Amino acid sequence: MVRHIILWTLNPELTAEEKATVKQGMKEGLEGLAGKVPGLLDIKVITEGRLESSTCDVMLDSSLESAEALKAYATHPAHVAVADSKVRPFTIQRTCLDFEVDS
């Protein structure tokens, strides 16, 4: 099994209201991939509860069947559509950590 964790920083030019809307769209869009992308076992987007000590705004925490499933997820049309419409236009930084875990 592979864990796929992403941290994003939103564009600081967004207003607080815009950031809230963007976070909701990211959460709904990415979590909506559950059951649509083969090999995607679990997906959760954290948008609330951020402490002032944080250096990022949004976290994706997901599990996939394998490294091959992660590669397929990255190019799956449903994932690309969400990334292109709900994520990339509103973020300025992305940090990724992918790692294998015993299932």
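Everything below is about the structure shown above.
Thresholds applied
- Residues numbered from 1 in each chain as written.
- Predicted model: local features only at pLDDT ≥ 70, side-chain atom pairs only at ≥ 80, totals over all residues.
- Heavy atoms only, no water.
- Helix = DSSP H or I, 4+ residues; strand = E, 2+ residues; numbered from the N terminus.
- Rg over C-alpha atoms; globule rule 2.2 N^0.38 Å.
- Buried < 20%, exposed > 50% of the residue type's maximum accessible area, 1.4 Å probe, protein only.
- Contact = heavy atoms within 4.5 Å.
- Areas by Shrake-Rupley, 256 points an atom, 1.4 Å probe, with all protein chains shown as cover.
- Lys, Arg positive; Asp, Glu negative; His and termini not counted.
- Charge placed at Lys NZ, Arg CZ, Asp CG, Glu CD.
- 1 Å grid on protein atoms, 1.4 Å probe; cavity = no way out; pocket = protein on both sides within 12 Å on 5 of 7 lines; lining within 4 Å.
- Points joined across faces, edges and corners; volume = space filled by probe spheres on them.
- Core = buried A, V, L, I, M, F, W, Y, C linked by side-chain atoms within 4.5 Å.

Asker: When you look at the overall build of the protein chain in this model, what are you seeing that I'm missing?
Answerer: Counting its secondary structure elements, the protein chain contains 3 helices and 4 strands. The C-alpha atoms of the protein chain give a radius of gyration of 14 Å, which matches the 13 Å a tight globule of 103 residues would have. Taking the principal axes of the C-alpha coordinates as reference, the protein chain spans close to 40 × 30 × 20 Å. Each of the 103 residues in the protein chain was classed as buried or not, and the buried ones make up 36%. Here the analysis covers contacts within the protein chain between residues at least 6 apart in sequence; of these, 70% occur between residues at least 24 apart. A total accessible area of about 6,200 Å² is found for the protein chain, and carbon and sulfur atoms account for 52% of it. The centroid of the 11 positive side-chain charges in the protein chain is displaced by 2 Å from the centroid of its 16 negative side-chain charges.

Asker: So what exactly am I meant to see when it comes to the layout of surface pockets here?
Answerer: Over the atoms, a rolled probe matching the size of one water molecule traces out where space is still vacant. Considering only enclosed or pocket space, the largest pocket measures out at about 280 Å³ in volume. Lining the largest pocket are 17 residues, with H4, I6, H79, R88 and R94 sitting closest to its centre. Mapped onto the lining of the largest pocket, the elements with two or more residues apiece are β1 (2-10), α2 (67-75), α3 (77-87) and β4 (91-100). Looking at which element gives the most residues to the lining of the largest pocket, the answer is β4, with 5 residues.

Asker: Sorry if this is basic, but what is going on with the nonpolar core here?
Answerer: Most often, soluble globular proteins keep nonpolar side chains buried together rather than apart. In this structure, W8, M26, L30, L33, L40, L60 and Y73 are the most contacted members of the largest nonpolar core, which totals 21 residues. Those elements that provide at least two residues to this core are β1, α1 (16-31), β2 (40-46), β3 (58-64), α2 and α3. Here this core gets 4 residues from one element, more than from any other, and that element is β1. Apart from the residues within four sequence positions on either side, L33 is in contact with L40, Y73, A78, H79 and V82.

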